[in-house]
Amino acid sequence: MTAPSSSVLSPELLERIRSRAPGYDRDNAFFSEDLDELRQAGYLRPQPLLDGVRNQRLLARYAPATALGINMHHVVVGVARVLHDRGDHSLDWVLADAEAGELFAFGNSEAGNDLVMFDSRTKAEPTGDGGYRFTGTKIFTSLSPAWTRLGIFGRDDSDPERPVLVHGFITRDTPGHRAVGEWDVLGMRATQSYATSLDAVEMPAERVGRILPVGPTADPYMFGIFANFLLLIGAVYAGIGDRALELGVDAVKHRMSMRTGESYSADPDIRWQLADAAIALDSIAPQLESLARDVDELSDHGDAWFRYLVGAKTRAVDIARAAVETAIRVSGGSSYSVGNELSRLYRDALAGLFHPSDPESAHSTVASQLLGG
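So, a few notes on the structure that sits alongside this text.

1. Overview of the nonpolar core
Across soluble globular proteins, nonpolar side chains show a tendency to be buried alongside one another.
Phase 1 of the analysis: One finds Leu91, Val94, Leu231 and Tyr237 to be the most contacted residues of the largest nonpolar core, which totals 107 residues.
Phase 2 of the analysis: Ranked by residues supplied to this core, first place goes to helix α6 (residues 220–254) with 20 residues.

2. Focus: the packing of α6 against helix α8 (residues 284–296)
Phase 1 of the analysis: Where α6 contacts α8, the two axes come as close as 10 Å, and the packing angle between them is 155°. The angle between the axes of α6 and α8 places the two elements in the roughly antiparallel class. For the pair α6 and α8, the crossing hand works out as left-handed. When α6 is examined against α8, the residues Phe223, Ala227, Leu231, Gly234, Ala235 and Ala238 are found in contact with a partner set consisting of Ile284, Leu288, Leu291, Ala292 and Val295.
Phase 2 of the analysis: Residue classes in the contact of α6 with α8 are distributed as 10 nonpolar, one polar and no charged.

3. Observations regarding the packing of helix α9 (residues 305–331) against helix α10 (residues 341–350)
Packed helices, taken two at a time, are described by the angle between their axes plus the distance between the axes.
Phase 1 of the analysis: Where α9 meets α10, the closest approach of the two axes is 9 Å, and the angle between their N-to-C directions is 155°. Classed by the angle they form, the pair α9 and α10 counts as roughly antiparallel. In this structure, α9 crosses over α10, and the sense of that crossing is left-handed. In this structure, α9 contributes Arg321, Val324, Glu325, Ala327, Ile328 and Ser331 to the contact, and α10 contributes Leu342, Leu345, Tyr346, Ala349 and Leu350.

4. Structural notes on unusual backbone geometry
Most of the time, phi is negative for any residue but glycine, and the peptide bond is trans.
Phase 1 of the analysis: With an omega of -5°, the peptide bond between proline 356 and serine 357 qualifies as cis.
Phase 2 of the analysis: For serine 357, the location among the structural elements is in the loop between α10 and α11 (359–371).
Phase 3 of the analysis: One non-glycine residue, leucine 143, lies in positive phi territory at about 70°.
Phase 4 of the analysis: For leucine 143, the location among the structural elements is in the loop between β3 (132–141) and β4 (149–156).
Phase 5 of the analysis: Positive phi, close to 60°, is recorded for leucine 298, a residue that is not glycine.
Phase 6 of the analysis: Following the sequence through the fold, leucine 298 ends up in the loop between α8 and α9.
Phase 7 of the analysis: Given a relative accessible area of 41%, leucine 298 falls into the partly exposed group.

5. Details of the side chain of arginine 189
Phase 1 of the analysis: Positionally, arginine 189 belongs in the loop between β6 (177–180) and β7 (194–203).
Phase 2 of the analysis: Polar side-chain contacts of arginine 189 include one of 2.8 Å to the backbone oxygen of aspartate 25.
Phase 3 of the analysis: A polar contact is formed between the side chain of arginine 189 and the side chain of aspartate 184, at a distance of 2.9 Å.
Phase 4 of the analysis: Look past the residues within four positions of arginine 189 in its chain and what remains in contact with it is Asp25, Arg26, Asn28, Ala29, Ala65, Trp183, Asp184 and Arg347.

Rules used in this analysis
- Every chain is numbered independently, its residues counted from 1 as its sequence is written.
- Restriction of local features to residues with pLDDT of at least 70 applies here, the model being predicted, together with a cutoff of 80 or more for giving and counting side-chain atom pairs; totals for whole chains, interfaces and linings are based on all residues.
- Water and hydrogen atoms were dropped before computing side-chain values, which therefore reflect all heavy atoms in the structure.
- The definition of a nonpolar core used throughout is a set of buried Ala, Val, Leu, Ile, Met, Phe, Trp, Tyr and Cys residues joined through side-chain atoms within 4.5 Å.
- Exposure is judged per residue with a 1.4 Å probe applied to protein chains only, and the accessible area is read against the type maximum: over 50% gives exposed, under 20% gives buried, and values in between give partly exposed.
- By definition, any uninterrupted DSSP run of H or I lasting at least four residues is a helix, any uninterrupted run of E lasting at least two residues is a strand, and each is numbered from the N terminus.
- Axes here mean lines fitted to C-alpha atoms, for a helix over just the part in contact, with angles spanning 0 to 180 degrees between N-to-C directions.
- Each angle is binned into one of four classes, with values under 35 degrees roughly parallel, values over 145 roughly antiparallel, values of 65 to 115 roughly perpendicular, and all other values oblique.
- Each helix crossing is assigned a hand: it is left-handed if the near helix lies turned anticlockwise from the far helix by less than a right angle, otherwise right-handed if that turn is clockwise.
- The contact criterion used throughout is that any non-hydrogen atoms of two residues lie within 4.5 Å.
- Any residue that is not Ala, Val, Leu, Ile, Met, Phe, Trp, Tyr, Cys, Pro, Asp, Glu, Lys or Arg is counted as polar, Gly included; the first ten are nonpolar and the last four charged.
- Here a polar contact is recorded for every N or O atom pair within 3.5 Å, except that within protein the pair must consist of a potential hydrogen donor and a potential acceptor, and residues adjacent in sequence are included only if both atoms are side-chain atoms.

Rendered as structure tokens:
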């Protein structure tokens, strides 16, 4: 399970990716060229979570939507790595597929399901041979045009007294799935996160990853999902904040005040605003990276794990969004233009509000750890 070297995301590759981002956003197009280059560079291969957090934060500075889309692949592959590192080899085939360049997507979100991963509106019917047949609709399936492996889950009520949640994977050539609706949204447009309809889609027994009880569970599979999803999501939004700060600093250096005749970079109020944004952004790395390292090193935080994870994601999203707003404020009216990069970053940053765990769920998780109930 080797990780990409630091040279995988080379400056030249990152600049090419950045140059395509405005066009993908304008045309509401999938990041096909980015994906081809990232696959060829080995970026789809398994990597330690700490490397993933650092790499994804860097990639998001250049193309947030590309980073968010690729995130979903690394979440799925990261779950397999979490299990492997803890002596569970049931998903080692996922790691092998990722090494070979297969693209995984995370097809679990459902409209109106505020229990997220702890219950499902999708129906999972046993086929009698260890496999299952899935019927339902998943939303926000990033990488919709390109995935070759899709992780899904559904509820099996064949024993009404003991309903279970079935997690597993289908391949692109499995009959019965299709992209539905449209993807014409405010930001993160290049992810092309269409909804996915599942109509009696069959999953063979060998692709069933886990069968878990309905409700919260301490199973390492579920821990792997939350740890990878929340920390990698946090890293993407931190990268958006990093880029916004960079653009804000550059803008004030080139804006001149008619009142003072000096650059706005000398204005005490603007200096304070940018410094405040930088201080907040600097606080994200120690939190995200220390938790990622703890996942890699099998540290045990007990029942505080989920408190730490949802807190890190929520904080990263909020800080990043505030950093973009600061950069827009100090950059002046030109940043309000639809073609300005800060305008796009602002729209992309707002998507962080919709990723689990949302602020309400995060605060509920932390309160439960602190107070019980």
